[in-house]
Amino acid sequence: MLIDLYEILQEEGREKHIQPPFDTKEFKTKKACYPVKGYDIQLSFHHNEKKHVSFTCKGNVTLAIPCDRCLEPVDYSINIDCFKDLDLNKTSEERIADLDEEPYLDGTKFDSEVFIYNEILVNLPMKVLCRTDCKGICNRCGANLNLRTCKCEDAEPGTGMSKILDIFNQFKEV
């Protein structure tokens, strides 16, 4: 959703509160795609002085992220609570030179979807577990070891596989 800040800039002290829609059903990154389970974000803009606007973003987004061990989906809530100061006097080139790039801001147009996407991306966890004692999946048959046990550890390998296991065991001893 594009929010035009021009109206706010007409008078110092003017405020605007928005609950932007988030129409995306899935949050996509380069490596994964997570279903969006819940969304509640509130943006507040305040014109301080001479084209200086401060804004706050509060709320949370819930994504279904697979457990890193057993691959079962986990509802993970990402809390977004940030405060930014925007200087609308600066040009795009000046922002880049100051290392203050704001890809969500173009003139007086604020792109809430780009901002929220960036905040979610920055706050994505490195590792998600369904529970701290998750047993994961069997690396042979793929069974979820939290739900059942498998006989893969007790099974004897076939004659072709036993030769390969002998080679691996030789490397372990070195």
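Here's what I pulled together on the structure shown here.

Brief notes about helix 2 (residues 112-123)
Step number 1: If you check helix 2, its first and last C-alpha atoms are 17 Å apart, about what 12 residues at 1.5 Å a residue would give, namely 16 Å.
Step number 2: Within helix 2, the full set of buried residues consists of Ser-112, Phe-115, Ile-116, Glu-119 and Ile-120. Buried residues along helix 2 cover an arc of 130 degrees about the axis, so they all sit on one side.
Step number 3: You can read the cap of helix 2 off the contacts: a side-chain oxygen lies 3.3 Å from the backbone nitrogen of Glu-113, and it is on Asp-111.

Section: the nonpolar core
Step number 1: In this structure, Leu-5, Phe-45, Phe-55, Leu-63, Phe-110, Phe-115 and Ile-120 are the most contacted members of the largest nonpolar core, which totals 35 residues.
Step number 2: Breaking this core down by element, the ones donating at least two residues are strand 4 (33-49), strand 5 (52-66), strand 6 (73-87) and helix 2.
Step number 3: Broken down by element, this core gets its largest block of residues, six residues, from strand 5.
Step number 4: Setting aside residues up to four positions removed in sequence, Leu-5 forms contacts with Phe-45, Leu-86, Leu-88, Leu-105, Thr-108 and Phe-110.

Looking at the pattern of salt bridges
Step number 1: Inspection of every chain in the model, using the stated rule, returns four salt bridges.
Step number 2: Of the charged contacts in the structure, one is a salt bridge between Arg-131 and Asp-133, with a shortest N-O distance of 3.1 Å.
Step number 3: Accessibility expressed as a relative area gives 37% for Arg-131, which makes it partly exposed.

What to know about the pairing of strand 6
The side chains of a regular strand alternate, first on one face of the sheet and then on the other.
Step number 1: As paired strands, strand 5 and strand 6 are joined by 15 bridges and run antiparallel to one another. Its bridge partner being in strand 6, Ser-54 is matched across the sheet by Asp-85.

Description of the packing of aromatic side chains
Step number 1: Under the definition given, this model contains nine aromatic pairs.
Step number 2: Judged by centre distance (4.7 Å) and plane angle (35 degrees), the rings of Phe-27 and Tyr-117 are tilted. Of this pair, Phe-27 sits in strand 3 (residues 26-28) while Tyr-117 sits in helix 2, and the two are 90 residues apart along the sequence.
Step number 3: A residue is classified by how much of its surface remains accessible, and Phe-27, at 1% relative accessible area, is buried.
Step number 4: Taken together, a centroid distance of 5.1 Å and an interplanar angle of 80 degrees make the contact between Tyr-104 and Phe-115 edge-to-face. With a gap of 11 residues between them, Tyr-104 in the loop between helix 1 (92-97) and strand 7 (105-106) and Phe-115 in helix 2 connect regions that are remote in the sequence.
Step number 5: Taken together, the ring pairs in this structure connect Phe-45, Phe-55, Tyr-104, Phe-110 and Phe-115 into an aromatic cluster.

Re unusual backbone geometry
Step number 1: Positive phi, normally seen in glycine, also occurs at Lys-50, with a value near 20 degrees.
Step number 2: Of note, Leu-71 is a non-glycine position whose phi angle comes to about 70 degrees, a positive value.
Step number 3: Mapped onto the fold, Leu-71 is located in the loop between strand 5 and strand 6.
Step number 4: Among the residues examined, Leu-71 registers a relative accessible area of 55% and is labelled exposed.

Things to note about the environment of Gly-136
Step number 1: Locating Gly-136 in the fold gives a position in the loop between helix 2 and helix 3 (159-173).
Step number 2: When the C-alpha positions of Gly-136 and Leu-71 are compared, they lie 7.7 Å apart, and in sequence the two are 65 residues distant.
Step number 3: Aside from chain neighbours lying at most four places away, what touches Gly-136 is Arg-69, Cys-70, Ala-143, Asn-144, Leu-145 and Asn-146.

Here we look at the side chain of Asn-146
Step number 1: Locating Asn-146 in the fold gives a position in the loop between helix 2 and helix 3.
Step number 2: Of the residues examined, Asn-146 reaches a relative accessible area of 19% and is grouped as buried.
Step number 3: Side chain to side chain, Asn-146 and Arg-131 meet in a polar contact 3.0 Å long.

Re the sheet that holds strand 7
Step number 1: The strand order across the open sheet built from three strands is 1-8-7, with neighbouring strands paired in antiparallel fashion. Pairing within the sheet leaves two strands with one partner each, and these edge strands are strand 1 (2-4) and strand 7.
Step number 2: Here two bridges tie strand 7 to strand 8 (residues 109-111), and the two strands are oriented antiparallel to one another. Counterpart to Leu-105 in the pairing with strand 8 is Phe-110.
Step number 3: Against the sheet, helix 2 makes contact with strand 1 and strand 8, and its axis sits at roughly 40 degrees relative to strand 8, the strand it touches most.

Thresholds applied
Residues numbered from 1 in each chain as written. Predicted model: local features only at pLDDT ≥ 70, side-chain atom pairs only at ≥ 80, totals over all residues. Heavy atoms only, no water. Helix = DSSP H or I, 4+ residues; strand = E, 2+ residues; numbered from the N terminus. Expected span 1.5 Å × (residues − 1). Buried < 20%, exposed > 50% of the residue type's maximum accessible area, 1.4 Å probe, protein only. Arc of directions from axis to C-beta. Polar contact = N/O pair within 3.5 Å; in protein donor to acceptor, adjacent residues only side chain to side chain. Core = buried A, V, L, I, M, F, W, Y, C linked by side-chain atoms within 4.5 Å. Contact = heavy atoms within 4.5 Å. Salt bridge = Lys/Arg side-chain N within 4 Å of Asp/Glu carboxyl O. Pairing = 2+ DSSP bridges. Phe/Tyr/Trp six-rings, centres within 6.5 Å; stacked < 30°, edge-to-face > 60°. Axes fitted to C-alpha atoms, helices over the stretch in contact; angles between N-to-C directions.

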